[in-house]
Amino acid sequence: MTITTRAAIARQPHTGWELVELQLDEPKAHEVRVKFAASGLCHSDDHITQGDAPVRLPIVGGHEGAGIVESVGPDVRRVQPGDRIVCSYIPACGACRPCSTGHQNMCVKGLNAGTGMFLDGTFRFHLGDEDLGGFCTVGSFSQYAVVSEWACIPLADDIPFEIGALVGCGVPTGWGSAVHAAGVRAGDTVVIYGAGGVGSNAVQGARYAGAKNVVVVDPVEFKRDMAKVFGATHTFADAKAAHDFVVETTWGQLADHAICTPGVLTEEIVSSAMQVVGKGGKVTITAVGKLGENAVTVHAGQMISYQRQVRGALFGDCNPLYDVPKLLGLYRSGDLKLDELITRRYRLDEINQGYQDMTDGKNIRGVVIHED
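Residues numbered from 1 in each chain as written. Predicted model: local features only at pLDDT ≥ 70, side-chain atom pairs only at ≥ 80, totals over all residues. Heavy atoms only, no water.

Details of the pattern of salt bridges
Under the convention used in this document: One speaks of a salt bridge when a side-chain nitrogen belonging to Lys or Arg is within 4 Å of a carboxyl oxygen belonging to Asp or Glu. Helix and strand definitions follow DSSP, with helices as H or I runs of at least four residues and strands as E runs of at least two, each counted in order from the N terminus. A simple rule labels every residue: compare its accessible area, found with a 1.4 Å probe on the protein chains alone, to the largest value its type can have, and call it buried under 20%, exposed over 50%, or partly exposed in between.
Considering all chains together, one arrives at 15 salt bridges under this definition. Between Asp-120 and Lys-28 there is a salt bridge; the shortest N-O distance is 3.4 Å. Pair noted here: Asp-120 is in the loop between helix 2 (97-100) and strand 7 (125-127) and Lys-28 is in the loop between strand 2 (18-24) and strand 3 (31-40), with a separation of 92 residues, a long-range link. Overall, the relative accessible area of 37% leaves Lys-28 in the partly exposed class. Between Arg-332 and Asp-158 there is a salt bridge whose closest N-O contact spans 2.7 Å.

The following block contains the structure:
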């Protein structure tokens, strides 16, 4: 049965999010219909409204969501109606080549993230005669959405939905950028550029992995103060001050790792990251930049002479079916701070204010709480 759902959509760049009533189809094979309780306000969705994400418009925003399975389509085995779930913004089918080789973050069933089209070539959201997809085929800025069963991860009863939403993207992306992608080890010196909803978790990951120096660069004082809550040992407002400190504290050997997690990646940030890592150092890039701009322009000699590495990280190299429950286990034990990530909560009709607060540097992470 088709239902009506209230959702925030982006029609075109630079016009913000618009609240509309959409028609939502029932789930087809290997699909489930979810009633979302909470959705994180991730910077990736802001890239859509800023015109820096090559997506099909209009689109239903939101890819960090947690809620309850309302109904299931044929052949669904992973969940059943009434289950509490987290939506992984990249599905994990478990059977494709990436999944079967331990790289669920690159599951081939995530190929339509920018359109929200399902694998049968159709859409589930409709506005009159117009078809809409959900960002990352999730669309958690809608009260209800149809998602792939492969995107569903069970959420235990003792975990609040607002916490569950965050582990669908920002937490594992940041944590994994330090722990998995960078491979931070005990005693390392790590410099993290950008301490928002992703960077704060890179800080936590680096500290938990045993880094001696966790150095954060962020121009916003509030974010620098919060970075210390998450485990940063030193914070700086600009890259030069951080570089000078690293030179001094390492006796000129420089950092082992630089992790780039700003809201918008720039050539200047990547250049600073390259210069701050020493011999055998690694630069891990998690953020994206402006559409049409090349932020990574590194001279080959700069890499060869110090044998530096530059690599990208998708979903923090995490395997969602394994890493999301593990991260929630660390939250339970008090080893991972997730409550502290949520700065403000918003109604769906306050979503544009939420993104303005993010842009103004007021939030680590804002969360939309869907109304019943």
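Still more ground to cover, so stick around.
Describing the pairing of strand 3
Counted only if it meets this: When DSSP finds two or more bridges between two strands, those strands count as paired.
Counting buried positions along strand 3 yields 8 of 10 residues, so the element is predominantly enclosed. Bridging between strand 3 and strand 9 (residues 144-148) involves 5 bridges; their strand directions are antiparallel. Paired with Lys-35 across the bridge in strand 9 is Tyr-144. As defined by bridge partners, strand 3 adjoins strand 5 (residues 65-72) across 7 bridges and the pair is classed as antiparallel.

Looking at the sheet that holds strand 15 (residues 277-285)
What counts is decided by this rule: With axes taken as lines fitted to C-alpha atoms, and helix axes fitted only over the stretch in contact, angles between N-to-C directions fall between 0 and 180 degrees. Note on contacts: a residue pair qualifies if any of its non-hydrogen atoms lie within 4.5 Å across the two residues.
Strand order across the open sheet formed by 6 strands is 13-12-11-14-15-16, with parallel pairing between neighbours. Only two strands of the sheet have a single neighbouring strand rather than two, namely strand 13 (234-236) and strand 16 (309-312). Neighbour-to-neighbour, the strand axes of this sheet turn through a mean angle of 15°, independent of strand direction. As judged from the 5 bridges shared by strand 14 (residues 255-260) and strand 15, these two strands associate in the parallel manner. Within the sheet, the bridge partner assigned to Ile-259 lies in strand 15 and is Thr-284. Contacting strand 11 (189-193), strand 12 (213-217), strand 13 and strand 14, helix 7 (residues 239-249) crosses the sheet at an angle of about 165° to strand 12. Helix-sheet contacts for helix 8 (residues 267-276) involve strand 11, strand 14, strand 15 and strand 16, and the interaxial angle to strand 15 is about 150°.

Examining the layout of surface pockets
Condition: The rule is simple: put a 1 Å grid over the protein atoms alone, call a set of points where a 1.4 Å probe fits but cannot get out a cavity, call an open set with protein on both sides within 12 Å along at least five of seven lines a pocket, and count a residue as lining if it has an atom within 4 Å of a point. Grid points are joined across faces, edges and corners, and a volume is the space filled by probe spheres set on the points. Residue polarity follows a fixed list, in which Ala, Val, Leu, Ile, Met, Phe, Trp, Tyr, Cys and Pro are nonpolar, Asp, Glu, Lys and Arg are charged, and the others, Gly among them, are polar.
As a volume, the second largest pocket reaches approximately 290 Å³. Lining of the second largest pocket is provided by 22 residues; of these, Glu-31, Lys-109, Phe-118, Leu-119 and Ser-148 occupy positions nearest its centre. Here the residues of the lining of the second largest pocket sort into 11 nonpolar, 6 polar and 5 charged.

A few points about the packing of aromatic side chains
Which entries qualify depends on this criterion: By convention, a stacked pair of Phe, Tyr or Trp rings (six-membered ring in the case of Trp) has centres within 6.5 Å and planes under 30 degrees apart, an edge-to-face pair has planes over 60 apart, and any other such pair is tilted. We call a charge positioned above a ring when the Lys NZ or Arg CZ atom is no farther than 6 Å from the ring centre and deviates by at most 35 degrees from the ring normal.
Within this structure, the stated rule accounts for 6 aromatic pairs. Judged by centre distance (5.5 Å) and plane angle (40°), the ring pair of Phe-236 and Phe-245 falls under tilted. With a relative accessible area of 15%, Phe-245 lands in the buried category. Ring pairs connect the aromatic residues Trp-17, Phe-141 and Tyr-355, which therefore count as one cluster. Stacked on the ring of Phe-161, the Lys or Arg Arg-84 has its end atom at 4.1 Å from the ring centre. Above the plane of the ring of Tyr-306 lies Lys-279, whose end atom (NZ or CZ) is 5.6 Å from the centre.

A word on empty space enclosed by the protein
All chains considered together, the criterion is met by 3 cavities of 30 Å³ or more. Approximately 40 Å³ is the volume found for the largest cavity. As for the largest cavity, its lining consists of Arg-6, Gln-143, Arg-347, Leu-348, Asp-349, Ile-369, His-370 and Glu-371. In the lining of the largest cavity, the residues fall into 2 nonpolar, 2 polar and 4 charged.

Brief notes about the state of the cysteines
Which entries qualify depends on this criterion: Count a disulfide wherever a pair of cysteine sulfur atoms falls within 2.5 Å.
This structure, assessed with the given rule, holds 0 disulfides. Left unpaired, Cys-96 is separated from the closest cysteine sulfur, that of Cys-99, by 3.7 Å. Its sulfur unpaired, Cys-260 is 17 Å from the next cysteine sulfur, which belongs to Cys-42.

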